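Spelled out from the first residue to the last, the chains are:
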Amino acid sequence: MDSSMMKWFIIVPLIGGVFASDYYVNIIDDGPVVVGANITFSARLYLKGGKEPEGTYKFKWKDNAEKQQHHGEYVSNNSQSNWTVSYSPDKIKAGSHQVEVEVFSTLFIIDWSLCSRRKSFELTSYLNGEMTLKQNGTSSTSDYISNATEVKHHITLHQPDANYIADTDVTTHWYLDCKYIGKTNDMALVYNYTTSDVTHTIVAIIIASHDSNNTSTNYTRATTTSNTESSTELILMNSTNANDAKSNNTEFAYLTVNEGVVDNSTVPSIDFNCSSNTFSPLDNRSTYGLFSRQVKVKAPISNFKVEGNNWLQHGDLLNLQVWCNGSAPFSYCVQFHIGNYSISGNESCSTRKKYLSACNFEIPRYFGNSTNYTVVIIVENDVQKVVRGVNVNVYEVTKHPQISVIIVPVAAAIVAIILIIFGVAFYVQSRHRYIVEVADFDFSNASDMEYKTFRERLVEAVSNAFNKTEDFSEQDSTNAAPASKKYGSMQ
């Protein structure tokens, strides 16, 4: 080997090693799946920065199954590769297993490993899926259901499992609170829970028999437990290609027919242990499923009433009283809109909810303007929401003086005048009753009775005193007896 060849054998691995450090690969799968169903793995190649590279790559797949190991090698003109495999129930047990993918890039006709990844996946003994509840055509996202309408229980399988039993004969056995209630030839049950505020446990055991190679369309029937005929649904299931990793949904077409009662005439041979929620499979030629769910039955809101005066004078306080029946707890909120508001039924409580143990509450409100308002009342419990609108009219009234404002003052004035007149008359009468007649010996002139001040009376009194002295002196001299006239002695 010459020196040039030696250089290539040294340089090429170095270049491949540098390139390999810039890649990583992720693996996803559509598991878990029941043993026997197809499981699809998807690998996607990325650069360190998160971008998908362009080019042609080789993906080598393998798993670690002991008795049924799979290998796969695929060349892709992009950075993605899918690998679909299935595992026979008689060759592999349920549990955790691993899959590995290694990505190669061809450089100078040599495949250089860029990166590899391992991932665990799950194979299960029973079918995978969930039990869904539907009322009034709407799927319930919780365990609460209404006792006013029938409930449709339906087993929705994981897509690979649904594809696996698409051509089998399916029988479903139903148990309610550990009591066998019957079987259906599908994975659906319609039942009416009549007693509210009770919690039930519903269990479904599915048996999919592979003995019959039925290639016809698979119809599933949802029947009722009542003794009378009722309207039920036939579900037409169109199977999808299990090898197509992008096929994730099953299409359904709905037909309505009259169907009879659930078949509860025979007791199943399934050994079902209710306390541990387990059962023993009948044989290894069938695929089984076990699903259970709690159902909490509640009474919907009924007899919803709103009372109160919705015609208000400006300044009056609104006071609405709300009542309703149903299962507690209740929550409510109130919204106020100016003008006429059209209720859509989709209103929700954007404000903080208030919770009640009984549906009985008041709505007080003062409106500052004279106009029309709409009060939107939203009341909910676990199974129903009620939205009710109340129109409120606030009007302005012209204020006139009341009659009492005029009559009362006038009447009071009249009464006061009458009391004054009677008071004066009574006073005069009383005064006359106690008058004492006295003699007036003052013979002076009337002019002497004129009002004078103290000084004037004093001056007048002094002047009168002097005048009276002179008058008496003159009178004495005039009236004196003659000097010569004398009276002698009586002796």
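What counts, and at which threshold
Residues numbered from 1 in each chain as written. Predicted model: local features only at pLDDT ≥ 70, side-chain atom pairs only at ≥ 80, totals over all residues. Heavy atoms only, no water. Helix = DSSP H or I, 4+ residues; strand = E, 2+ residues; numbered from the N terminus. Buried < 20%, exposed > 50% of the residue type's maximum accessible area, 1.4 Å probe, protein only. Contact = heavy atoms within 4.5 Å. Salt bridge = Lys/Arg side-chain N within 4 Å of Asp/Glu carboxyl O. Polar contact = N/O pair within 3.5 Å; in protein donor to acceptor, adjacent residues only side chain to side chain. Phe/Tyr/Trp six-rings, centres within 6.5 Å; stacked < 30°, edge-to-face > 60°. Lys NZ or Arg CZ within 6 Å of the ring centre and 35° of its normal. Disulfide = S-S within 2.5 Å. Pairing = 2+ DSSP bridges. Axes fitted to C-alpha atoms, helices over the stretch in contact; angles between N-to-C directions.

**Some remarks on the overall build of the protein**
- The secondary structure content of the protein amounts to 4 helices and 30 strands.
- For the protein, the proportion of its 491 residues judged to be buried stands at 33%.
- Sequence separation of 24 or more characterises 65% of the internal contacts of the protein that already satisfy a separation of 6 or more.

**What to know about the pattern of salt bridges**
- One pass over the full model with this rule turns up 10 salt bridges.
- Asp-29 is the partner of Lys-119 in a salt bridge, and the nearest nitrogen-oxygen pair spans 2.5 Å. Linking Lys-119 in strand E8 (residues 110–124) with Asp-29 in strand E1 (residues 23–29), this pair joins segments that are 90 residues apart in sequence.
- By relative accessible area, which is 26% here, Lys-119 ends up partly exposed.
- Residues Lys-298 and Asp-197 are paired through a salt bridge, measuring 3.8 Å at the closest nitrogen-oxygen approach. Of the two residues, Lys-298 sits in strand E22 (residues 286–298) while Asp-197 sits in the loop between strand E15 (188–191) and strand E16 (198–209), which places them 101 residues apart along the sequence.
- One continuous salt-bridge network, built from bridges that share partners, spans Lys-58, Glu-73 and Asp-111.

**Examining the environment of Tyr-74**
- Inspection of the secondary structure puts Tyr-74 in strand E5 (residues 71–76).
- As a C-alpha pair, Tyr-74 and Val-103 span 29 residues in sequence and 9.8 Å in three-dimensional space.
- Discounting residues that sit within four places of it in the chain, Tyr-74 has contacts with Tyr-57, Lys-58, Phe-59, Trp-61, Ser-81, Asn-82 and Trp-83.
- In this structure the side chain of Tyr-74 is engaged in a polar contact, spanning 3.5 Å, whose partner is the side chain of Trp-83.

**Considering the packing of aromatic side chains**
- Summed over the entire model, instances satisfying the criterion amount to 15 aromatic pairs.
- For the pair Tyr-87 and Phe-121, a centre-to-centre distance of 5.9 Å together with 25° between the ring planes defines the contact as stacked. Linking Tyr-87 in the loop between strand E6 (80–86) and strand E7 (95–107) with Phe-121 in strand E8, this pair joins segments that are 34 residues apart in sequence. Like Tyr-87, the residue Phe-121 is buried in the burial classification.
- Centre to centre, the rings of Trp-311 and Tyr-395 are 6.4 Å apart; their planes meet at 50°, and the pair counts as tilted. Placement of the pair is Trp-311 in strand E24 (residues 311–313) and Tyr-395 in strand E30 (residues 385–395), with a sequence separation of 84 residues.
- Under the relative-accessibility criterion, Tyr-395 is labelled partly exposed at 32%.
- The rings of Phe-41, Trp-61, Trp-83, Tyr-87 and Phe-121 are connected pair by pair, giving a single aromatic cluster.
- The aromatic ring of Phe-104 is capped on one face by Lys-60, whose charged end is 4.6 Å from the ring centroid.

**Digging into the state of the cysteines**
- Under the definition given, this model contains 3 disulfides.
- Disulfide pairing places Cys-324 opposite Cys-359 at an S-S distance of 1.7 Å. In this structure, the disulfide formed by Cys-324 and Cys-359 twists by about 110° around the S-S bond and is classed as right-handed. Residue Cys-324 is found in strand E25 (residues 317–325), and its partner Cys-359 is found in the loop between strand E27 (354–356) and strand E28 (360–366); the two are separated by 35 residues along the sequence.
- Look at the protein and number its bonded cysteines as they come in the sequence; the links are 1-2, 3-6, 4-5.

**Remarks on the sheet that holds E25**
- One open sheet accounts for 3 strands, arranged E23-E25-E28; its pairing is antiparallel. Whereas interior strands pair on both sides, the edge strands pair on one side only; in this sheet they are strand E23 (302–307) and E28. Strand after strand, the sheet turns through a mean of 15° between neighbouring axes, direction not considered.
- Relative to E28, E25 runs antiparallel, the two sharing 7 bridges. The residue bridging Leu-320 from the neighbouring strand is Ile-363, located in E28.

**Description of the sheet that holds E6**
- If you walk across this open sheet you meet the 3 strands as E1-E3-E6, and the pairing is antiparallel. Bordering the open sheet on either side are E1 and E6, each of which pairs with just one other strand. Averaged over all pairs of adjacent strands, the angle between their axes in this sheet comes to 20°, without regard to strand direction.
- Sheet topology places strand E3 (residues 38–47) next to E6; 7 bridges connect them, and they run antiparallel. Across the sheet, residue Arg-44 finds its bridge partner in E6, namely Gln-80.

**Points about unusual backbone geometry**
- Geometrically, the link from Gly-31 to Pro-32 is a cis peptide bond, its omega value of 5° lying close to zero.
- In the segment running from Ala-328 into Pro-329, the intervening peptide bond is cis, with an omega of 0°.
- Mapping Pro-329 onto the fold places it in the loop between E25 and strand E26 (330–338).
- Despite not being glycine, Asn-277 has its phi angle at roughly 60°, a positive value.
- Secondary-structure assignment places Asn-277 in the loop between strand E20 (271–273) and strand E21 (278–280).
- Here the phi dihedral of Asn-303 falls at roughly 50°; this positive angle occurs in a residue that is not glycine.
- Inspection of the secondary structure puts Asn-303 in strand E23.

**Describing the side chain of Asn-381**
- Examined against the element boundaries, Asn-381 turns out to sit in the loop between strand E29 (372–380) and E30.
- Its relative accessible area of 10% is what places Asn-381 among the buried residues.
- From its side chain, Asn-381 meets the backbone oxygen of Ser-327 in a polar contact 3.2 Å long.
- Setting aside residues up to four positions removed in sequence, Asn-381 forms contacts with Ala-299, Pro-300, Ile-301, Ser-327, Pro-329 and Phe-330.

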